[in-house]
Amino acid sequence: MVERRFPRNLGSLEPMAQFVADYLGSRGFDPEHSFTVDLLIEELFTNQLKYGKGGGPEVSLRLGGEREELMVTLRDFDVESFDPTFAPPERPAGTPGGLGLKLIRVMSDSIRYEYKERCAIITLTKRLPR
Amino acid sequence: MTFEILVQEGGLVKLSGRLDAAQADRAKAALDAVKGPATLDLTDLDYVSSAGLGVLVQTFKRLHDAGHGFKLTNLKPRIRLVFVYAGLDKVLQLD
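First, a word on scope: everything that follows refers to the structure included in this document. (Residues numbered from 1 in each chain as written. Chains lettered and ligands numbered in written order. Predicted model: local features only at pLDDT ≥ 70, side-chain atom pairs only at ≥ 80, totals over all residues.)

Focus: the overall build of chain B
Quick note on the threshold: Starting at the N terminus, helices and strands are each numbered in turn, a helix being any DSSP run of H or I of at least four residues and a strand any DSSP run of E of at least two. Each radius of gyration is computed over the set of C-alpha atoms, and the globule rule expresses the reference value as 2.2 Å times the number of residues to the power 0.38. The burial label depends on the number of other C-beta atoms within 10 Å of a residue's C-beta. Counts of 20 or more mean buried, 12 or fewer mean exposed, and intermediate counts mean partly exposed, with C-beta atoms placed from the backbone. In this description, a residue-residue contact is defined by the distance between C-beta atoms placed from the backbone, which must lie within 7 Å.
For chain B, the helix and strand inventory stands at three helices and five strands. Of the regular secondary structure in chain B, the N- to C-terminal order runs β-β-α-β-α-β-α-β. Here the C-alpha radius of gyration of chain B, 12 Å, is about what a compact globule of 95 residues would show, namely 12 Å. For the C-alpha atoms alone, the extent of chain B along its principal axes is close to 30 × 25 × 20 Å. By residue count, 39% of the 95 residues in chain B fall in the buried class. Considering only intrachain contacts with a sequence separation of at least 6, the fraction spanning at least 24 residues in chain B is 66%.

Quick look at the overall build of chain A
When helices and strands are tallied, chain A shows three helices and five strands. Listed N to C, the secondary structure of chain A is β-α-α-β-β-α-β-β in terms of helices and strands. Relative to the 2.2 N^0.38 estimate, which gives 14 Å for 130 residues, the radius of gyration of chain A is 14 Å and therefore close to what a compact globule would have. Across the 130 residues of chain A, 32% fall into the buried class. Look at the contacts in chain A between residues 6 or more apart in sequence, and 66% of them connect residues 24 or more apart.

A short note on the sheet that holds strand β5 (residues 119-127) of chain A
Residues and elements named next belong to chain A. Worth spelling out the cut-off: Pairs of strands are assigned from DSSP output, requiring at least two bridges between the strands. Throughout, an axis means a line fitted to C-alpha atoms (over the contacting stretch in the case of helices), and angles, computed between N-to-C directions, take values from 0 to 180 degrees.
Reading across from one edge, β1-β2-β3-β5-β4 is the order of the five strands in this open sheet, with antiparallel pairing throughout. One side of each edge strand has no neighbouring strand; the edge strands of this open sheet are β1 (2-7) and β4 (110-116). Taking the axes of each pair of neighbouring strands and ignoring which way they run, one obtains an average angle of 15° across the sheet. Bridge count between β4 and β5: seven bridges; the pairing is antiparallel. Note that in β5 the partner of Y115 across the bridge is A120. Where helix α2 (residues 33-51) meets the sheet, its contacts fall on β2 (58-64), β3 (69-76) and β5, and the angle it forms with β3 comes to roughly 20°.

Quick notes on unusual backbone geometry
For D78(A), which is not glycine, the phi dihedral falls at a positive 50°. Relative to the elements of secondary structure, D78(A) occurs in the loop between β3 and α3 (99-107). Accessibility expressed as a C-beta count within 10 Å gives 13 for D78(A), which makes it partly exposed. For N74(B), which is not a glycine, the phi torsion comes out positive at approximately 60°. Following the sequence through the fold, N74(B) ends up in the loop between β4 (70-73) and α3 (77-85). With 16 C-beta atoms counted inside 10 Å, the residue N74(B) sits in the partly exposed group.

Here's the deal with the interface of chain A and chain B
Interface size is commonly expressed as the accessible surface area that is lost when the partners come together. Applicable threshold: Note that Gly is not counted as nonpolar here; it falls among the polar residues with everything else outside the nonpolar set of Ala, Val, Leu, Ile, Met, Phe, Trp, Tyr, Cys and Pro and the charged set of Asp, Glu, Lys and Arg.
Listed per partner, the contact involves 18 residues of chain A and 18 residues of chain B. Along the lines of polarity and charge, the residues of the side of chain A that touches chain B split into ten nonpolar, four polar and four charged.

Notes on the packing of α3(A) against helix α2 (residues 50-65) of chain B
As a reminder of what qualifies: Throughout, the term roughly parallel applies to angles under 35 degrees, roughly antiparallel to angles over 145, roughly perpendicular to angles from 65 to 115, and oblique to all others. Whether a crossing is left-handed or right-handed is set by the direction in which the near helix is turned from the far one by less than a right angle, anticlockwise for left-handed and clockwise for right-handed.
At a closest axis distance of 9 Å, the pairing of α3(A) and α2(B) adopts a crossing angle of 130°. In this view, α3(A) runs oblique relative to α2(B), as classed from their interaxial angle. Crossing handedness for the pair α3(A) and α2(B): right-handed. Facing α3(A), whose interface residues are L99(A), G100(A) and L103(A), α2(B) presents S50(B), L53(B) and G54(B).

Comments concerning the sheet that holds strand β3 (residues 38-48) of chain B
Residues and elements named next belong to chain B. Reading across the sheet, the five strands line up as β1-β2-β3-β4-β5 and stay open at both edges, with mixed pairing between neighbours. Looking at the sheet topology across the chains shown, the edges are occupied by β1 (3-7) and β5 (93-94). As judged from the two bridges shared by β4 and β5, these two strands associate in the parallel manner. Note that in β5 the partner of L72 across the bridge is L94.

Structure (structure tokens):
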């Protein structure tokens, strides 16, 4: 398991992608999986930036899991609660907005939200065949 | 991985690199300059997130409402899948 903190802004997207690529490479995963994992993390992170009011200067990104399953945990500190698992119903295709949550639901295998001590914790899993 | 967008005469637009939320405003500014039928060549686009999809949908709607065509060509398989997962393959023309 590895964990790193990133500034809570969009400038962190590329460093997060590099963090993912390094981790997957070190675990022997197909580099092609970076695309999917990057996308899931971006959608989680940008939803937090958009809807999680407040927030500290940094978020924490943790990558772990066993065998073919990757576990991603994003922690957003000192923030109001925003639960992506209780988001509004999907909008019709072609309607702007809501696409990120739709992608998360379709592309991840599980997603769990916790909120404690003003920390929003989103954990998702994704099976990555070797 | 940098993002580049090149708007050429005749409505041909080439996108390359990584179209993520950090680049969406730049993409929208460039696409807003397109006032007629548009073909977006995604041969060298390696990544797109919902923020990028949103920009493309906005551009499609603007041009469609003005009576112009809008299509996307040469999508890598993984890029096409994102459009499919988002349900946009039923809305946009993907060649």
